[in-house]
Amino acid sequence: MQGLFTDTMHGSIFIFLKRYIENKHDYSTWLRILQNEGLNRIEIPYQMNEVYPISELITIMAEGAQIEEVPYSDFQERFGYFLVPDLLLVFKRFINPDWKTYDMLQYIGSHMHGGIRNENAMTNPPLLHVTKVGKNILILDYYSKRRMAGFAIGIIKGLAKYFQEEENIKVIPATDLLAERVQIRVEFL
């Protein structure tokens with residue numbers, strides 16, 4: 001999957017992916033993935049506030065999915081779910097401390113993604129359009145050539161866990177998770 005994109009991803013996501021792989025497996029698994037894929041990130045490791053080619057992230061995640069013997073979108077979801085506490089810690093300056101899952105989803109595109117874009121013009125988080133359908137349903141329209149909607153679903157579920165709302169939230173993808181445009185329905189029970 002390497003070489004698909006020329007765009008970049010914030011270094012924090014690479015750091016979180018490394019932590020995920022080390023947590024699920026071990027450091028040697030991380031090193032083996034980098035070596036197998038010809039990524040020179042042992043001597044020149046990923047840095048938190050830099051940007052890196054998205055192709056490297058996709059390559060590492062695809063290899064991780066093979067190691068875990070799960071579909072690529074499932075690996076994305078597991079990774080997204082895992083990184084939520086770190087993500088909220090690193091980007092807390094963009095988040096109102098009174099928010100819960102509903103508010104986080106409603107404002108993630110404008111506040112978190114917008115803040116990240118303002119801090120580093122080289123980053124380009126996916127476009128998210130959120131529509132309220134009544135008072136208990138949000139429709140997230142995710143658009144990205146990266147095709148990482150599984151990652152977004154993992155983050156949504158991770159937020160629900162973080163805010164202790166897992167039992168009260170239902171996440172339903174309405175389209176193929178590997179499409180460029182994916183609609184995700186989130187019901188708050």
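See the structure printed just above.
Each value, and the rule that gives it
- Residue numbers here run from 1 along each chain, matching the order of that chain's written sequence.
- Residue-level local features of this predicted model are given only where pLDDT is at least 70; pairs of side-chain atoms are given and counted only at 80 or more, and the full residue set underlies all totals for whole chains, interfaces and linings.
- With hydrogens and water set aside, each side-chain value is computed from the structure's full complement of heavy atoms.
- Helix and strand assignments follow DSSP, with helices taken as H or I runs no shorter than four residues and strands as E runs no shorter than two, numbered in order from the N terminus.
- Polar contact is defined as a pair of N or O atoms within 3.5 Å, subject to the rule that within protein one atom must be able to donate a hydrogen and the other to accept it, and that residues adjacent in sequence are counted only when both atoms are side-chain atoms.
- To define axes, lines are fitted to C-alpha atoms, for helices over the stretch in contact only, and angles between the resulting N-to-C directions are given on a 0 to 180 degree scale.
- Throughout this description, any angle smaller than 35 degrees is read as roughly parallel, any larger than 145 degrees as roughly antiparallel, any in the 65 to 115 degree range as roughly perpendicular, and the remainder as oblique.
- The sense of a crossing depends on the near helix, which, turned anticlockwise from the far helix by less than a right angle, makes the crossing left-handed and, turned clockwise, makes it right-handed.
- Contacts are assigned to residue pairs with any non-hydrogen atoms lying within 4.5 Å of each other.
- Only Asp, Glu, Lys and Arg are considered charged in this grouping, and only Ala, Val, Leu, Ile, Met, Phe, Trp, Tyr, Cys and Pro are considered nonpolar; every other residue, Gly among them, is considered polar.

Asks: Describe the environment of Asp-7, listing the residues and the values that go with them.
Replies: Relative to the helices and strands, Asp-7 resides in the segment before strand S1 (8–10). Between the alpha carbons of Asp-7 and Val-51 there is a distance of 9.4 Å; along the sequence they are 44 residues apart. Here Arg-146 takes part through its side chain, which lies 3.1 Å from a polar atom of the side chain of Asp-7.

Asks: Any details on the packing of helix H2 (residues 27–36) against helix H3 (residues 54–68)? Residues and values, ideally.
Replies: Closest axis-to-axis distance for the H2/H3 pair is 10 Å, and the angle between their directions is 125 degrees. Looking at the two axes, H2 sits oblique to H3. Read as a crossing pair, H2 and H3 show a hand that is right-handed. Together, Thr-29, Trp-30, Arg-32, Ile-33, Leu-34 and Asn-36 of H2 and Ile-60, Glu-63, Gly-64 and Ile-67 of H3 make up the contact between the two elements. Its residues assigned to classes, the contact of H2 with H3 comprises five nonpolar, three polar and two charged.

Asks: So what's going on with the packing of helix H1 (residues 11–24) against H3? Residues and values would help.
Replies: Running from amino to carboxyl end, H1 crosses H3 at an angle of 15 degrees, the nearest separation of the two axes being 11 Å. Viewed along their axes, H1 and H3 adopt a mutual orientation that is roughly parallel. Crossing of H1 against H3: the hand is left-handed. Listed contacts from H3 to Ile-13, Phe-14, Leu-17, Tyr-20, Ile-21 and Lys-24 of H1 are Glu-56, Leu-57, Ile-60, Met-61 and Glu-68. Split by residue class, the contact of H1 with H3 holds eight nonpolar, no polar and three charged.

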